[in-house]
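Each chain, written out:
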There are 2 protein chains.
Amino acid sequence: MAEPSSKALDGLRVKIDAVDQELLQLLRRRLDLVAEVGAIKHKDGVPIYAPKREASMLAKRRAEAEAMGIPPQLIEDLLRRMMRESYISENDVGFKRIHPTLGPVVIVGGAGKLGQVFANLFGLSGYEVRILDKADWARAPQLLADAGAVVISVPIEATCEVIERLPPLPVDCLLVDLTSIKQGPLAAMLRVHPGPVLGLHPMFGPDVSSLAKQVVVVCHGRAEAKYQWLLEQIQIWGARLHEAPASEHDQAMQLVQAMRHFTAFVYGLHLKREHADIEQLLQFSSPIYRLELAMVGRLFAQDPSLYADIIFAQPDALARARHYLQRYQEALALLEAGDKAGFCDSFAEVAEWFGDFAEQFRSESANMLMVANDSRSV
Amino acid sequence: MAEPSSKALDGLRVKIDAVDQELLQLLRRRLDLVAEVGAIKHKDGVPIYAPKREASMLAKRRAEAEAMGIPPQLIEDLLRRMMRESYISENDVGFKRIHPTLGPVVIVGGAGKLGQVFANLFGLSGYEVRILDKADWARAPQLLADAGAVVISVPIEATCEVIERLPPLPVDCLLVDLTSIKQGPLAAMLRVHPGPVLGLHPMFGPDVSSLAKQVVVVCHGRAEAKYQWLLEQIQIWGARLHEAPASEHDQAMQLVQAMRHFTAFVYGLHLKREHADIEQLLQFSSPIYRLELAMVGRLFAQDPSLYADIIFAQPDALARARHYLQRYQEALALLEAGDKAGFCDSFAEVAEWFGDFAEQFRSESANMLMVANDSRSV
């Protein structure tokens, strides 16, 4: 490289570094302002996620960017990343308590990971939280005697059994579960408890840093008016509610949850049996194959019994899995016959069925793949 | 909400907006500086992606962030996103031409999407580019008579046939292909051309905005010294080279490419046949299920014959697909028998085989899922 160019490059890099240091100063100021916002929201019980404010703010910045010749998507992506941090920091200030007179919240299975997330959120909102885990059953009647709400957060398989074992609860006490199937647990809760009953499915793992923008599925049980406070509380935590009948929820879960886990499990098993060399596969991997591999591999960093529960507990999972086998065999027959035209016909048929969603998924995933590529390093 | 709080909130939001507008000013300055860097890199032929400079810059900013109480991952993510834009903008300035005396570069299949990407890159680097597409075969001898390099970029299935049809090339001309399988095309090229031969597999789709950090697999053919210029040129475009024997490449591709496409195809077929309601599934979807669905659905926004080619052209794909079927049946038997313990045993066995990669994949995908959640809106 020519000496003068190298010097010019160094000079420019010093300037870029200075810009980036100014960016740090801006971030510090922004985080401080956001903390002040959090304190006010806490006092007033305003949800941490304000979709309208967010959308209008993004639209304004995009327009300003465009006028300055800056790609609008750049400022949107940067602001969205900064907002994630804001949501996390709002956790630190705590949340407004919506039901000031509620008795203690008892988390059954509160030593589990998801139970801890909710124990923490209730605690941050000023409720008295009690944990009732396996070892505490002898003290259950005493822990539950004056409970305002009982939250069941135990492995799927144990949910109904645990519900049946509960001692009688105060008549106004809310009984609520967090299981990822809803029909069985909801029926069991309605059977054992004559008071308010609610089924929830938090659609996120215990590793979320904030509930902002996460979805909680709501399956109504009994005496809706008596648990409105909890639905409001969950929204203050930042989550979005999606109401659905338990049967509809369970059916969707078989397709997107049980079957995806099951086929990912089979793919992992397949890779192992084919003696795949993961190191080598990664060397060859484009962002998309790396992501595909990560989506399979991530399963195996987790608790087998969690996945076994999800798959084995879905009443229709077996039938679905058998159907999938038929489709696999059907597709394999095309491969065996070298029937490329038949493959393309089936493909087109499925594409038509996906309709506009196919393009939406393509563009969504394209953005994810760019992010995946951003984080590459040698 | 209390009136004073609402006013205080409004005041803070005005301040946050002002910070974000300062951010736009910073971005504008940064993009201008980066454009100057690009101009110098162009002149000197410096690769647009400088991994060491990037890593050391990120490390410094992370340390500074930490000292200021700013989460280091926040500044890293923001800078990585900004760097993506820099790489794209460096495309505008063009690239240094590494081989100034090379004759015209003829792109066979240059009207296709990937062919266009390369035609564009060669053009931006000052080479004379000629397109030889289906309609131009009559003029092939004339277009190829003084070619310095011939780049084959046609559908997999047609690759070997097209290579065989080539008229004799100038003896020093480089013959190179971009197909996603390598053994067949490489052998065909070595057969028809006595001069320099090179097999490449660009591990990215034609929708990439820049080659920065993308991987190009290099399978050496003949007379390496005579195509060093091209390998250097590709690195200037920002890509990373990964050298591998063609057979090793093809085997890895069967596992990560053909089989993933095939099982995604089956999953799409399955969803259709189960009459899944995509709209409804999305309502229920956590970031992870949404991503899983997007990874399946994205396939169907694309050209069926592209996927048919990839799947049907892999010589061992059929055997692999049959093996997968066995593993599926094996797993299904566990489900049929309600054998949760057996499932957990298999799971643990695969987890052990994944080893540290499982945790690596979990944390990589966790980051992606946070990004997916960032971009949610109601």
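All residue numbers refer to positions counted from 1 along the written sequence of the respective chain. Chain A is the first chain written and ligand 1 is the first ligand written, with later ones labelled in order. Local features in this predicted model are restricted to residues whose pLDDT is 70 or higher, and side-chain atom pairs enter the listing and the counts only when it is 80 or higher, whereas totals over whole chains, interfaces and linings include all residues. Values shown for side chains rest on all heavy atoms present in the structure; no hydrogens or waters enter the calculation.

- Within an unreviewed UniProt entry, the label attached to chain A reads T-protein, and the organism entered is Ferrimonas pelagia.
- Recorded in UniProt for chain A, the comment headed Subcellular location (unreviewed entry) runs: "Cytoplasm". UniProt positions are given in the numbering used here, feature names are shortened, and annotations may be inferred rather than shown by experiment.

### Details of the pattern of salt bridges
Pairing between side chains of opposite charge can happen when the charged atoms of each approach one another.
Thought 1: Salt bridges, as used here, are contacts in which a Lys or Arg side-chain nitrogen is within 4 Å of a carboxyl oxygen on Asp or Glu. What the rule picks out here adds up to 62 salt bridges over all chains.
Thought 2: We note a salt bridge from R327 of chain A to E274 of chain B, for which the minimum N-O separation is 2.5 Å. Here R327 of chain A, found in helix α13 (residues 317-336), pairs with E274 of chain B, found in the loop between α9 (246-273) and α10 (278-284), and the two come from separate chains.
Thought 3: Whether a residue is buried, partly exposed or exposed follows from its accessible area with a 1.4 Å probe, protein chains only, as a fraction of its type maximum: under 20%, in between, or over 50%, in that order. Look at E274 of chain B and you get buried, because its relative accessible area is 12%.
Thought 4: The partner of K226 of chain B in a salt bridge is D172 of chain B, with the nearest N and O atoms 3.2 Å apart. One end of the pair, K226 of chain B, is in the loop between β6 (215-222) and α8 (228-236); the other, D172 of chain B, is in the loop between α6 (156-165) and β4 (174-177), with 54 residues separating them in the sequence. In this text, helices come from DSSP runs of H or I with a minimum length of four residues, and strands from runs of E with a minimum of two, each type numbered from the N-terminal end.

### Remarks on the packing of α13 of chain A against α9 of chain B
Thought 1: Note on method: axes are straight lines fitted to C-alpha atoms, helices fitted across the in-contact stretch only, with angles between N-to-C directions ranging 0 to 180 degrees. Where α13 of chain A contacts α9 of chain B, the axes come no closer than 9 Å and their chain directions differ by 125°. As summarised for this structure, α13 of chain A and α9 of chain B are arranged oblique, according to the angle between their axes. Considering only the axes of α13 of chain A and α9 of chain B, their crossing is right-handed. Two secondary-structure elements touch here, α13 of chain A through R320, H323, Y324, R327, Y328, E330, A331, L332 and L335 of chain A and α9 of chain B through M259, F262, T263, F265, V266, Y267, L269, H270 and R273 of chain B. When describing relative orientation, an angle under 35 degrees is termed roughly parallel and one over 145 degrees roughly antiparallel, while 65 to 115 degrees is termed roughly perpendicular and anything else oblique. When the near helix sits turned anticlockwise from the far one by under a right angle, the crossing is termed left-handed; a clockwise turn instead gives a right-handed crossing. Should any heavy atoms of two residues lie within 4.5 Å, those residues are considered in contact.

### Digging into the environment of V266 of chain A
Thought 1: Along the polypeptide, V266 of chain A turns up in helix α9 (residues 246-273).
Thought 2: Its relative accessible area of 0% is what places V266 of chain A among the buried residues.
Thought 3: When the C-alpha atoms of V266 of chain A and L79 of chain A are compared, they prove to be 39 Å apart, with 187 residues separating the residues in sequence.
Thought 4: Sequence-distant contacts of V266 of chain A, defined by excluding residues within four places in its chain, comprise Y324, R327, Y328 and A331 of chain B.

### Concerning the relation of the copies chain A and chain B
Thought 1: Once chain A has been moved 0.0 Å along the axis and rotated by 180°, it coincides with chain B to within an RMSD of 0.0 Å. The transformation just described matches what one would write down for a two-fold rotation axis. Identified as the residue of chain A closest to the rotation axis by C-alpha distance is L78 of chain A, at 3.0 Å. The fit set for superposing copies consists of C-alpha atoms from residues with pLDDT of at least 70 in both; the fit itself is least squares.

### Examining the packing of aromatic side chains
Thought 1: The rule is short: rings of Phe, Tyr and Trp, with Trp giving its six-membered ring, pair when the centres are within 6.5 Å, and they are stacked under 30 degrees, edge-to-face over 60, tilted in between. Under the criterion given, the structure shown has 38 aromatic pairs over all chains.
Thought 2: Residues F265 of chain A and F300 of chain A carry aromatic rings whose centres are separated by 6.4 Å and whose planes lie at 35° to one another, so their mutual orientation is tilted. Of the two residues, F265 of chain A sits in helix α9 while F300 of chain A sits in the loop between α11 (287-297) and α12 (304-313), which places them 35 residues apart along the sequence. Neither F265 of chain A nor F300 of chain A differs from the other in exposure class; each is buried.
Thought 3: For the pair F354 of chain A and F300 of chain B, a centre-to-centre distance of 5.3 Å together with 15° between the ring planes defines the contact as stacked. With one member in each of two chains, F354 of chain A in helix α14 (residues 340-354) and F300 of chain B in the loop between α11 (287-297) and α12 (304-313) form a pair that bridges those chains. Here F354 of chain A and F300 of chain B have matching classes, each one buried.

### Thoughts on helix α14 (residues 340-354) of chain B
All names here are of chain B.
Thought 1: Given the number of residues in a helix, its expected span is that number minus one, multiplied by 1.5 Å. Helix length check: α14 (15 residues) gives 21 Å between terminal C-alpha atoms against 21 Å at 1.5 Å per residue, within 8%.
Thought 2: Residues of α14 that are buried include every one of K340, G342, F343, C344, S346, F347, V350, A351 and F354, and no others.
Thought 3: Once α14 finishes, G355 follows within two positions and takes phi at roughly 60°, a positive value.

### Considering the packing of α9 of chain A against α12 of chain A
All names here are of chain A.
Thought 1: Relative to each other, α9 and α12 sit at 125°, their axes nearing to 9 Å. In terms of their interaxial angle, α9 and α12 are classed as oblique. Note on packing geometry: the crossing formed by α9 with α12 is left-handed. When α9 is examined against α12, the residues Q257, A258, H261 and F262 are found in contact with a partner set consisting of Y307, I310 and I311.
Thought 2: Tallied by class, residues from the contact of α9 with α12 come to five nonpolar, two polar and no charged. In this classification, the charged set is Asp, Glu, Lys and Arg, the nonpolar set is Ala, Val, Leu, Ile, Met, Phe, Trp, Tyr, Cys and Pro, and all remaining amino acids, among them Gly, are polar.

### Some points on the sheet that holds strand β2 (residues 129-132) of chain A
All names here are of chain A.
Thought 1: Should DSSP find at least two bridges between two strands, the strands are taken to pair. Taken together, the seven strands give an open sheet; going across it, the order is β2-β1-β3-β4-β5-β6-β7, and neighbouring strands pair in mixed fashion. Where the open sheet ends on each side, the last strands, each with one partner, are β2 and β7 (240-243). With direction set aside, neighbouring strand axes in the sheet form an average angle of 25°.
Thought 2: Where strand β6 (residues 215-222) lies against β7, four bridges are found, and the strand directions are parallel.

### Description of the environment of A337 of chain A
Thought 1: Inspection of the secondary structure puts A337 of chain A in the loop between α13 and α14.
Thought 2: For A337 of chain A, a relative accessible area of 60% gives the class exposed.

### Digging into the sheet that holds strand β2 (residues 129-132) of chain B
Residue and element names in this part refer to chain B.
Thought 1: An order of β2-β1-β3-β4-β5-β6-β7 is seen for the seven strands of this open sheet, with the pairing classed as mixed. The sheet terminates laterally at β2 and β7 (240-243), the two strands that pair on one side only. Across the sheet, the mean angle from the axis of one strand to that of its neighbour is 25°, orientation sign disregarded.
Thought 2: Sheet analysis places strand β3 (residues 149-152) next to β4, joined by four bridges and oriented parallel. Its bridge partner lying in β4, V150 is registered against L175.

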